[in-house]
Structures are given as structure tokens and as C-alpha cells.
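# Examining the three-dimensional arrangement
This is what each chain is made of:
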Amino acid sequence: MTGTVTPVLEIEGLAKHFGGLVALDGIDLSVRQNEILGLIGPNGSGKTTLFNVLTGIYLADAGRIVFNDDDITNNTAQAIYDRGITRTFQRSRLCLDLSIFDNIMVGNHKRLNPDLWFNLMRRQRFREEYEKNVVEAELLVRTFDAPLADRLFDAVGTFPMIDRRRIEICRALISQPTMLLLDEPSAGMTDDETTELMADILEVKQRFSDLTIIIIEHEMGVIERITDHCVVLNFGQKIAEGSYQDIAADPLVQEAYLGIDE
Amino acid sequence: MDIGLLSQYLVNGLMLGMMYALVAVGFTLFFGVLDIINFSHGDSLMVGTFTGLAAYIALTEIGIVSPLVQVPIVLAAAVLCLAVLGAVVAKYLILPLRAAPPLNTLLITLMLGTVLREAVRLFYPDGSNPKPFPALLPTQSYEFGQFTLRVDNVIMFLAGVVVIIGVHLLINRTKLGLAIRAVAQDEETAKIMGINFNLIVLVTFALGSALAAFAGILNGLYYNEINFSVGLLLGAIGFSAAIIGGLGNIYGAILGGFLFAALQTIGAVALPFASAYKDVFAFGVVILIMAWRPTGLISEKVSERV
Amino acid sequence: MASLSPAPASLFPGLLGVFSITAYLTAFLHIESQIGTALLIVGAMALIALLVRFNALDHFQRSFAEREKAMNAAIVVAVIMLALVFHQDHFTLLLIATVMIYMTASLGLTVQFGYAGVLNFAGASFFGIGCYTSAVLTDGTTIPEVLIIVVGGFMAALVGVILLLPVLRTRGHYSAVITIAFALLFKTFLEVNDVLGGPQGLSVGSMSFLGWDFNQGIEIGEVFEASFYLNYVLASLVLLCLAFVFVRRLDRSWIGLNMDAIRLDETAAACFGYNITRWKVTAFMIGNAIAGMAGALYAMMLGFIAPTNFDFGASLILVSIVLFGGIGSPFGVAVATLIVVLLPEKLQILQEYRFLIYATLVILVLLFRPDGLLPRPVRAYFTGRVSP
């Protein structure tokens, strides 16, 4: 279950504040190759902020991020994507008026030919690239849900939340990333849907041999089931780290979630 | 360059700056509270001026000729009518578009501005020609060496300062202002806290429009003339001023307003042969400022949740 | 595997539609009396209301969507037929050509607004840059006119980039205010510049192609004599077709997708590697180039241009067209152009109230039917079938 010892991602002393509000207060984090890391903590503890700094949406105020031995601190969001790091968003960010295929192709940006001449004049070649991508997208979507794959060209807005989350994950996977960041993928889902989604994620993990996943979740069942390692944040600081069993038993963690037992 | 001419430019610049600042504060209010760009703001100003003019004409018709009585009534008429107009616009055009993309609200206000402009041009008697606006304030001027100061300019400037301070106090020291700021920060939470969101929107719009009316009357008094197309350029200037100051920030808007006036004055001084170029110069510099500091000199409020 | 798509839609509803519209336009353009025109308008509105009520427009739309090549050919033929019917009527031909030129310019704006979400409230100014390029180049040089049209587009694109590049890193409303300021100042700038003719304007040379001067009437033997405007109708038809094909292909490619992505969600797009500035600039340049080319041809057709044609109001008309038609929908834009340009020409009382009416209508559209007349469908990269 656990990957090799080489850390693929190392975060040292990461800090981020918004005016007087300290969102990240010197985070040290290490993610091993091919593992699934669970990032948990109460609301407002800095989990999504960590993702945002990692993916270049926010600038870090202090600290270092090293990915595959390269310093990527404060790289632009575009550069982060080029290095093979993709993500989903806490508040689902899909283009509702566009088809499933279009949305997934957004995620495939670096593998699509943007040249004007190619797109407008070399229509035969473009068609070949297009059809190749349709097959690939369909295959990926089918991993999650076969009926969804049959409606590849319907507008995303016509689908319920669970399907949209799946589509968003497909969008993040289509470019064959080496690291995937999932931000509360099970939000808004029923227990059954969550179970399904988690099974899908594990299957995807199996198919993509070289994929590291960091997942933010509130559903402890999910964390317990699929993660190899967990990190707990509270008020922008790391308060615990270890396997799920370790952190579940940790009194600091319990206090963070449940409050101090008087 | 002699002191007299310089002082003329200075006074002119200050007056313009005051007017631009008032318009810019309006824009910033709309953006700060509702995240919307209200392109009809400049034209609202124009409607305010025409309302004031109509009130003046009505007053003279019924025999009231004392400026002491006229000024407050003209002001009140403009401000009240515009406040009502603002609330109506908010209720029927702005609130219904809350869920639509922001582009739609921008467009609808642009079209509203056109409707106001055309309505005045077509339906106000002889609307397409410039109209004289009476000089209701005392026009004596005093000499200070080579430096001349007109009483009405001083009064208008001071009135502008008072209004701006008033707006500042309203926003920062009253319960209403607190509600407005709460809504501007976080609509959802404000609603949960019991604030009547729709009412606050209407009030903000009424307030912004009232400001426009006030600026409109100032405009009329200063130039002694108004015409239906004055709102477009003023709106564009006010909006740019609000942007370079940092949208959502009242002090930024004021700063931006005076800055734009300063740029226009510099442009007029440097290029005396064509007055149109002063605007090109001023906007050119504004573009550069926007490129240099995209979030404004003081910063724009950002409310996006990722 | 995805299910096979059903049999392709019949050509008939589409052809019937094209034929009816052509017949209607012939009548509309022919009738002189105001009452007749008003009756025609009311009749059309009633018919459309009926069609919408009984969902009959769907057949028409499917026909169009799935038999696109045939439909496009039919439309081209219809336009030529229309032109031939009026081949000696200077004014009507001028009107037809003007409508097509406006459609072309509106297509340019569609790429900017509708695809990439870049606000441009100075469409008429960029159109005007094309016009003035045409005026200047036909007067002083011997550059072939077709090339002048291309240069007109190029100049409009260039000025657009200079204007917009500084503010592209910023939020959408910046490009809005910059283009508004440009639209306001463009006319004034022209008026104070005597080099460009000042308030009196400039005369423009005529279009010519391979030696054929478009300002000459057409005579074929003794039988056929046509107004010289017929030349321009054909030229603007060619330009419109080229622009249309270009814009369609653009939409149905990765580039169209890229523009949609940055319009709909810049932050997410950035997280997937999008160079936001690049796509906005591309869209802005393409849109302005198309508008500029349309302007260059227009100037040649009119023979004379003046600053009053290029004020803020003219830009607002272009914006109204794009909003009416349905942001991002080329066919919708075509229909909207027809309505916006033809109606005031034929119904004289509307002339004075044009802007008021357009602005009010756009407000109503935004409140009640924000998708416009013909809303934009989900992207289909290739017509005919929807999935493999």
C-alpha cells in the first residue's frame, strides 16, 4: 500500500496570511511517491488555502515547496499544471453550459494543439486529434460511470452533483498528471454515492501507476478507507500526522474537532 | 506662466476633481455593495441636473425668485427624484439580475444610461440642445494678489467636501452604514444576521443616485450650462477614477477623481492647441496606471472564494 | 458504445424557411408605404409567435444544424436571388450590402464578447479605423484594393492590441471602461485632425478587383443592366461568407474551447495551464480585424466617410445586435442585424427613436430572455452527427 520512500512533494515552513488573518502558520509536509495523503481538519484550518498556495492561486508569504526536487514555490498556476499537478475545487468549478467532453478537454489543455492554422485549415488532422480525444475521454469517464460516458456531449448543467464531481475529477485526470489534489470530492453526496466515488478513486489509482493523491475530506470513513497517511491541520498549523488509526486516537485531534472536554 | 493663469488652472482642477470624486464614489458604492458596475451613473447625474433645472423653472414660474429659497429646493428636488429613480432601477433592473453573470448587469446599466440619455433628448423640451443653467450662487470674486477666487466655486467645493465627509460618516459610523458594509463583505452572512438584503440594495442605489444628483447640480452651477450627452464622458471618467483608486474603496475613489482632474489639467496646459487631446492624454495615463497597478493605487476589494 | 444518431434531418424545413424569409425580405424591401411596412412587421411577429407556440422552430433549427453545408449554400443562392430582383434599385442594393457588412462586423464582436468574454464597446471605432485606412490608402497609393481591405483589418487589430494589452491582466470591467473611453474619444480625435479630413470627412476610392472598377454599373449585352451597387453586394457577400466560415471553424476547434474556458472561469482555466492574456488578445485581435475589414469595404462602397458615423451610439448598435442575437450565436447575430438595420430604414418614424428603442429592447432581452433570439447550442465540433 505505501509507496517508495522518496518524497515527491516537500513543503517547508509554508505561511500565508490575509491581512491580520493567519491562514497557514509554518506548515511542514512531506508526501511520498504514489501514496494517498489525507488532509483533514476543522473548517477554516487552512486546508484549501494550502491547496491554493500549492497550485499557484495564492502567493506564499514564507516557506518552500519542492516537487520532484524542483523548487516550485510561487510558480504560476499555469507552471504548476505544466509540471503535472492538477486539482478539483471545493466549490465545483465546471463550465455548466459546455458539454462533458468540452469540460474534460479544458483539463487536457497541454496536450491539445492550439495552433491557429492547425485548427482552422488542417481540418482533417484536427479531426483525427479530436476523435482520438473523444475515445480517451469516453474511456476515462466510463471508469466512473458508464451512463455518463454515453452522454459525453450533453451540457454539464443537466447533471446532478455526483456526476459533476466525477466529471471534475476526469478533467483533472485527463492530462495524465503525476499529482492530483482533491478538495472535498464527497461534499454534498449521500453515503452510497460517497462509497461509489471512493471505489472509483481507488480504481483510478490502480490504473495510473504513477499518481500521488492528496485528498481533503471531512468524511472520516473515506479517509480511513483510502488514505495511506494523514495530516491534521488546525488554525493553520499541523497538529498531528500518521496513519488514520494514529490520528484518530490523538487527543489533540479530538480536541480540535470536538472541543475541549471540560 | 503667470500666477493668475496657474491659479485658474488650479481652481478649475480642484472643482473638476471634486465632481469626478463624487461620481467615482458613487461607482465605488455600487461595486462595493453589489459587485456591479453601474454604467448609467453618469447619465443619472445628467438627469439630476435636468431635474434641478426643471425645478428652477417651475419655481420661477410660480414667482419664487430668491436664490436662498431656490437653491435648497432645486437641490432637494434633484436629490429626491434621483433617489427614487435609483431605488426603482435597483428593484426592477438590478435585483432581478442577481443570479445572472455580471456581464448582464453591466450591459443592462449601459442600456439604461442610453434610455435616460435618449429620453431627455427626445422628451425634454428642446432636449437636444444645450440649456443654460442659472447661476444660483453668489458670483462675486475676490482678489488675493494675482489670485482670484469666486465665491460660488468656494461654496461648491466646500459643499462637496461636506457631502463626502457625510458619506464617509454614514458608511462608517451609522447602523445603516454598518449594514451596507456587512452586505458588501458577505451577502449570505449579512442575510443570516437579519439584514434585509433587498432593502439595503435599494438604499445603496438611492444613496448613489442622490450623490449623482448632487454632483449634477454642482456641474450645472459650475458650467452654467447642461446638455443631454454630458453623462457619458463623466461616467467614463468617474469609473476610471474609481478603478485607479481601487474599486470598492471610497478614499481611492476620491483620490482617483482628483488625480484624473490633475491629469486633464496637465494635459490642457501641455497641449493648449486642442482641448480634446487633454482627455486622450488623461485616459492614456489612466491605462498605464491600470497596467502598473491592476488592483488600483489603494487596492480593489476582491471577494472571490476559491 | 454511444448509440447511432438518428437519420439526418430533412432538408425541407430548412429550405422552406430560407425561401419564406427571402420572399418576406423581397416584399419588405419593395414596399414603400409605411402602413404596408408596419403590417408586414406585425404579420411577421404574429407568425413567429405562432411558430414558437407550436414548437415548430425546432424542425427548422435541426435542419440547419445537421445539413449545414446545404443550408449555407441555399442562403448564398437566396441572397444572390434577392440582389438580382433589385438589380436596378440603388438604394435597396446599398441597404443589402450594408446589412451584410454589419453582419460581418458583428461576427467580429461575437468572437470578442461571445467566445472570449472580452468586452468591446468601441466596435464602431475599430470599424472606423478600417474605413479611414481605406480612405487614406485609396487616395495616395496604388495598393490593390483587396490588399487595402486586409490592411484595414490589420490596422484595427493593431490599435486594439495597443489599447488593450496594458489592461488585460486585470478584471473584465477594465476592458469595458477603456473601450468606452476609446469610443467616446475616437470621434473627437478624428474631428480635430485635419490630416484625416476633420469634421468634413474624407472621400474614398472605389473597390476594384483584377481591373474591374466596382463603381461601374454592370452591363451584359443589351439584356442585363445593373446598378454598380450590385458589385458591392457580391463583394460583401464574399466577405461575409469568409468571415462566417472562419468564425464557425474557430468556434468548433480547440481555440473556440479555449476562449469559452477563459470566459466562463479564468481561475480554473489558469489551473489548467491557460495563458489567459494570449487568448483574450487573440480574440480581440481577430474580432477587430474582421470589423476593420468590413469597415474598409464599407468605406469604398460609400465613397465618403465622416467622423459622425463612428460615435459611441454606433458602437452601442453593434453591442445591441450581439446581445439580441444571442451572445456567441452567429445565426442569431445575422437575424438580429437584419432587424436592427432594416427596420429603421423602412419605418421612418423609428429613425429618431432608434437608440431609445434598441436600448429598451436590449433591457427587456436581458431581463426576460438573456440568451437572445437564437441561443447558442452546446459545441458540436463537426456537424451532422453529435457523437461517434
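Quick note: structure is the one above.
From a predicted model like this one, the values you see are computed outputs, not experimental measurements. Within each chain, residue numbers correspond to sequence positions counted from 1 in written order. Lettering for chains starts from A, numbering for ligands starts from 1, and both go in the order in which the items are written. With pLDDT at 70 or above as the cut-off, local features in this predicted model cover only qualifying residues; side-chain atom pairs require 80 or more to be listed or tallied, and sums for whole chains, interfaces and linings still use all residues. Hydrogens and waters are ignored; side-chain quantities use all the structure's heavy atoms.

### Looking at the side chain of Asn234 of chain A
Residue and element names in this part refer to chain A. Spelled out, the test is: Here a helix means four or more residues in a row that DSSP labels H or I, a strand means two or more in a row labelled E, and each is numbered from the N terminus. Here the term buried applies to any residue with accessible area under 20% of the maximum for its type, exposed to any over 50%, and partly exposed to those in between, with areas from a 1.4 Å probe on protein chains only. Throughout, a residue-residue contact means that at least one pair of heavy atoms, one from each residue, lies within 4.5 Å.
When you line up the elements, Asn234 lands in strand E9 (residues 229–234). Its relative accessible area of 15% is what places Asn234 among the buried residues. Residues in contact with Asn234, not counting those within four places in the same chain, are Pro42, Ser45, Ile239 and Ala256.

### Things to note about the nonpolar core
Put simply, the rule is: Side-chain atoms within 4.5 Å are what join buried Ala, Val, Leu, Ile, Met, Phe, Trp, Tyr and Cys residues into a set we call a nonpolar core.
Ranked by internal contacts, the top residues of the largest apolar core, which has 271 residues, are Phe101 of chain A together with Phe121 of chain C. Among the elements that line this core, the one with the most residues is helix H1 (residues 3–34) of chain B, at 17 residues. With residues near it in sequence (within four places) discarded, Phe101 of chain A still touches Tyr130, Asn133, Val134, Ala137, Leu152 and Phe153 of chain A together with Trp254 and Tyr381 of chain C. If you look at the next biggest cluster of nonpolar residues, it comprises 26 residues, including Val8, Ile11, Ile27 and Ile85 of chain A.

### Remarks on the pattern of salt bridges
Just so we agree on the cut-off: We count a salt bridge whenever a side-chain nitrogen from Lys or Arg sits within 4 Å of a carboxyl oxygen from Asp or Glu.
What the rule picks out here adds up to 31 salt bridges over all chains. A salt bridge links Glu352 of chain C to Arg121 of chain B, with the shortest nitrogen-to-oxygen separation between them at 3.4 Å. On the criterion of chain membership, the pair formed by Glu352 of chain C in helix H15 (residues 350–368) and Arg121 of chain B in helix H4 (residues 102–123) is interchain, its members lying in two chains. A cluster of three or more residues bridged by salt bridges with shared partners is formed by Asp102 of chain A together with Asp251, Asp260, Arg263, Arg376 and Arg379 of chain C.

### Digging into helix H1 (residues 47–54) of chain A
In an α-helix, one turn spans 3.6 residues; hence positions three or four apart end up facing the same way. Residue and element names in this part refer to chain A. With eight of eight residues buried, H1 is to be regarded as a mostly interior element. Buried within H1 are the following residues: Lys47, Thr48, Thr49, Leu50, Phe51, Asn52, Val53 and Leu54. Gly56, located one to two residues past H1, shows a positive phi value of around 85°.

### Observations regarding empty space enclosed by the protein
Once rolled over the atoms, a probe with the size of a water molecule shows which space is left empty. Residue and element names in this part refer to chain B. Stated formally: We place a 1 Å grid over just the protein atoms. Points where a 1.4 Å probe fits but has no way out form a cavity, open points with protein on both sides within 12 Å along at least 5 of 7 lines form a pocket, and any residue with an atom within 4 Å of a point lines it. Grid points are joined across faces, edges and corners, and a volume is the space filled by probe spheres set on the points. Under the scheme applied, nonpolar residues are Ala, Val, Leu, Ile, Met, Phe, Trp, Tyr, Cys and Pro; charged residues are Asp, Glu, Lys and Arg; polar residues are all the others, including Gly.
Under the definition given, this model contains six cavities of 30 Å³ or more. Here the largest cavity is characterised by a volume of approximately 80 Å³. Lining the largest cavity are 13 residues; nearest its centre among them are Ser40, Ser44, Gly86, Val89 and Ser209. Secondary structure elements with two or more residues in the lining of the largest cavity: helix H2 (41–61), helix H3 (67–94), H4 and helix H8 (197–223). A per-class count over the lining of the largest cavity returns seven nonpolar, six polar and no charged.

### Here's the deal with the sheet that holds strand E8 (residues 212–216) of chain A
Residue and element names in this part refer to chain A. The criterion, for reference: When DSSP finds at least two bridges between two strands, those strands are taken to pair. Note on geometry: axes are lines fitted to C-alpha atoms, helical ones only across the stretch in contact, with angles between N-to-C directions running from 0 to 180 degrees.
Spatially, six strands are ordered E6-E7-E8-E3-E9-E10 in an open sheet, and the strand pairing comes out mixed. Each having just a single partner strand, strand E6 (85–87) and strand E10 (237–242) make up the two edges of the open sheet. Pairwise comparison of adjacent strand axes, ignoring direction, gives a mean angle of 20° for this sheet. The pairing of strand E7 (residues 179–183) with E8 spans five bridges and is parallel. Directly across from Met179, in E8, lies its bridge partner Thr212. Relative to the sheet, helix H7 (residues 161–173) contacts E6 and E7, its axis offset from that of E7 by approximately 160°.

### Considerations on the sheet that holds strand E4 (residues 62–67) of chain A
Residues and elements named next belong to chain A. On the basis of which strands lie adjacent, the open sheet formed by four strands has the order E2-E1-E4-E5 and antiparallel pairing. Bordering the open sheet on either side are strand E2 (21–32) and strand E5 (70–71), each of which pairs with just one other strand. Pairing between E4 and E5: two bridges, direction antiparallel. Across the sheet, residue Val66 finds its bridge partner in E5, namely Asp71.

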